[in-house]
Amino acid sequence: MSHCSFYHACHGIKLPEASDLDDEMEFKNTENEIKTPDSNYLLDKSECQIKESKVSRILIFTTITISLGCSIPTGYNTGVVNAPALVMKQWCNETIVNRYGVHFTPTQLDGLWSILVSIFLLGGIAGGIAGGKLADILGRKGTLKLIYLIYLVSGVLFISCKTLAMVELFFIARLLSGLSAGLTMTTVPMYLLELSPSDKKGIFGVMFTVGLNFGLLFSQLLGLESILGSESLWPFLFSFYASLVLLVFPTLSFIPESPKYLYTIRNERSKALSELSRLRGKPISDVSWELEDLFASPEVWTLKRILLEPASFKALIITCTLMLGQQLSGINVVFYYSTEILIKSGLSVYWAQYANLGAGSVGFIVTVMSALFIDRFGRKSLLLFSVTVSVVMLSAILTSIVVLTHNSITWVSYLLIIFIFGYVLFYGFGLGPIPFFIGSELTDVGPRPIIMSAMAVSNWTGNFLVGLTFPFINNMIKEYSFSPFVMFTILLIVFIWKVVPETKISSSGLRSNNV
């Protein structure tokens with residue numbers, strides 16, 4: 001007997017058998033595996049259970065119809081004002097002279113046109129503020145129905161304003177279409193991510209941006225003078241999107257409500273499971289795991305509660321700053337005013353319009369491409385790459401405009417087009433799509449509508465500030481008008497580097513998130 005065994009025997013202590021030690025060690029290891037917290041967890045825990053999922057037909061159908069009725073009209077209304085700007089200014093001037101006997105100076109006419117462009121953005125801000133609340137009160141589907149109805153009304157006003165010779169109707173139509181666009185930006189990304197399987201969230205997050213860019217490109221194509229951008233056909237140009245909305249309006253009764261909304265907000269578990277089963281094309285027993293970790297509670301999330309909870313507050317700051325930074329990078333200056341910029345740089349109206357169409361084509365193509373790799377890289381990595389190269393391209397655009405202002409060099413005009421294309425290209429890799437859905441990845445279902453509303457308000461506020469002030473900034477600092485965008489985008493790089501966490505789905509099936 002060893003000294004140790006003798007000691008324990010004298011004191012009446014029974015030593016455990018070797019087999020008992022093995023069993024105990026095995027139990028402790030198992031317990032540790034269960035209890036060890038994953039430091040990289042999402043607030044929505046069910047989304048950590050990444051299982052390979054097939055995309056059902058009803059989910060594809062829903063994504064297509066929502067794109068036709070919401071995303072594409074939003075992008076369409078954003079870009080439609082660019083190509084026919086000269087025709088529209090002339091109509092506004094003639095209508096005001098004939099109706100009120102008032103003659104505008106060129107500067108006053110530019111100011112009026114800036115207001116007509118920017119009122120769309122004020123509507124977007126209002127829609128962004130109301131969108132989150134409406135998404136909870138009316139449901140995701142109920143809010144979509146409201147979006148469709150507002151778009152249809154605005155389309156009727158657009159097609160009537162020339163016949164009735166009323167600039168005021170055009171103003172109201174722009175305001176209403178902006179309101180609908182703001183509701184869209186709050187509701188659609190959230191809705192698509194709540195419908196999508198956990199391992200396909202990046203792809204469906206990008207689908208909203210694909211619709212936006214297609215609508216933008218489509219408006220630029222139809223806006224060519226040889227198609228609908230002429231003096232006689234522009235009412236059809238501005239109202240064309242309403243035909244898409246009218247086409248998909250009957251499909252609302254066939255698309256599902258968000259299961260996460262039904263369970264978490266409405267506390268309707270059986271209906272949520274039924275909708276989830278239909279979405280996945282599987283029996284309820286095979287899909288119930290997606291809801292089992294969600295917390296159904298009658299507690300109401302408010303902005304005050306979000307501000308007081310550190311994780312939600314940080315998610316709010318990140319989401320809003322990224323979206324504001326996206327707009328202050330100057331992307332919509334390219335789509336609102338690129339035709340005028342290129343004309344002033346020495347290109348003809350004909351080539352300037354086609355260059356603008358080319359920029360829209362690049363934006364659409366890269367957004368479609370991003371759907372193929374968005375889940376293969378970290379969100380933060382893609383953002384840093386996208387924003388850094390965008391700074392380089394913006395600096396090149398600024399330099400080219402300065403050179404062309406002082407020297408009429410033809411080949412520099414073509415370099416300017418290349419740099420604009422390059423900016424749109426690299427913007428689309430990360431800064432374009434990611435801010436629209438990263439807010440949904442950083443938050444649980446409860447605070448998600450409020451944070452997505454704040455995201456939309458930030459988007460439209462930045463968009464409004466840029467759209468309204470750029471003509472005046474351009475008149476003040478002229479060829480250096482792109483310098484503020486370079487500065488803001490550099491600041492955005494610092495913010496992403498220091499503050500934004502990684503929200504990538506890793507090969508182990510867990511999404512890293514340090515919020």
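Residues numbered from 1 in each chain as written. Predicted model: local features only at pLDDT ≥ 70, side-chain atom pairs only at ≥ 80, totals over all residues. Heavy atoms only, no water.

A. Geometry of the packing of aromatic side chains. Under the counting rule described, the total for this entry stands at 27 aromatic pairs. With a centroid separation of 5.6 Å and an interplanar angle of 35°, the aromatic rings of Phe 158 and Phe 238 are classed as tilted. Note that Phe 158 is positioned in helix 6 (residues 139-161) and Phe 238 in helix 9 (residues 234-239), a separation of 80 residues in sequence. On the basis of relative accessible area, Phe 158 is assigned to the buried category, the value being 0%. For Phe 238, a relative accessible area of 0% translates into the label buried. (Phe/Tyr/Trp six-rings, centres within 6.5 Å; stacked < 30°, edge-to-face > 60°. Helix = DSSP H or I, 4+ residues; strand = E, 2+ residues; numbered from the N terminus. Buried < 20%, exposed > 50% of the residue type's maximum accessible area, 1.4 Å probe, protein only.)

B. Region of the structure containing the environment of Thr 65. Residue position: Thr 65 is located in helix 3 (residues 57-79). Accessibility expressed as a relative area gives 5% for Thr 65, which makes it buried. Between the C-alpha atom of Thr 65 and that of Val 248, which follows or precedes it by 183 residues, the distance is 6.0 Å. Other than its neighbours up to four places away in sequence, Thr 65 contacts Tyr 148, Val 248, Thr 251 and Ile 255. Polar side-chain contacts of Thr 65 include one of 3.0 Å to the backbone oxygen of Thr 62. (Contact = heavy atoms within 4.5 Å. Polar contact = N/O pair within 3.5 Å; in protein donor to acceptor, adjacent residues only side chain to side chain.)

C. Molecular detail of the side chain of Ser 114. Structurally, Ser 114 is set in helix 5 (residues 106-137). In contact with Ser 114, other than residues within four places in its own chain, are Tyr 337, Leu 468 and Pro 471.

D. A look at empty space enclosed by the protein. Tallying each qualifying case throughout the model produces 4 cavities of 30 Å³ or more. Taken as a whole, the largest cavity encloses approximately 300 Å³ of empty space. If you tally residues by element for the lining of the largest cavity, the top one is helix 8 (residues 201-222), at 4 residues. A breakdown of the residues in the lining of the largest cavity according to their chemical character gives 10 nonpolar, 14 polar and no charged. (1 Å grid on protein atoms, 1.4 Å probe; cavity = no way out; pocket = protein on both sides within 12 Å on 5 of 7 lines; lining within 4 Å. Points joined across faces, edges and corners; volume = space filled by probe spheres on them. Nonpolar A, V, L, I, M, F, W, Y, C, P; charged D, E, K, R; others polar.)

E. Main features of the packing of helix 4 (residues 85-100) against helix 5. The N-to-C vectors of helix 4 and helix 5 enclose an angle of 110°; their axes lie 10 Å apart at closest approach. Put simply, helix 4 runs roughly perpendicular to helix 5. Here Ala 85, Met 88, Lys 89, Cys 92, Asn 93 and Ile 96 of helix 4 come into contact with helix 5, specifically with Leu 109, Asp 110, Leu 112, Trp 113 and Leu 116. Looking at side-chain class alone, the contact of helix 4 with helix 5 contains 8 nonpolar, 1 polar and 2 charged residues. (Axes fitted to C-alpha atoms, helices over the stretch in contact; angles between N-to-C directions. Parallel < 35°, antiparallel > 145°, perpendicular 65-115°, else oblique.)

F. Structural detail: the environment of Leu 222. As for its position among the elements, Leu 222 is in helix 8. Linking Leu 222 and Phe 240, residues 18 residues apart in sequence, is a C-alpha distance of 9.2 Å. In contact with Leu 222, not counting residues within four places along its chain, are Tyr 76, Ile 227, Leu 228, Gly 229, Leu 237 and Phe 240.

G. Inspection of the pattern of salt bridges at higher detail. Taken as a whole and assessed by the stated rule, the structure comprises 9 salt bridges. Between Glu 268 and Arg 266 there is a salt bridge, with the nearest N and O atoms lying 3.3 Å from each other. For Arg 266, a relative accessible area of 41% corresponds to the partly exposed category. Put simply, Glu 309 and Arg 305 hold a salt bridge, and the shortest N to O gap is 3.3 Å. We classify Glu 309 as partly exposed; its relative accessible area is 30%. (Salt bridge = Lys/Arg side-chain N within 4 Å of Asp/Glu carboxyl O.)

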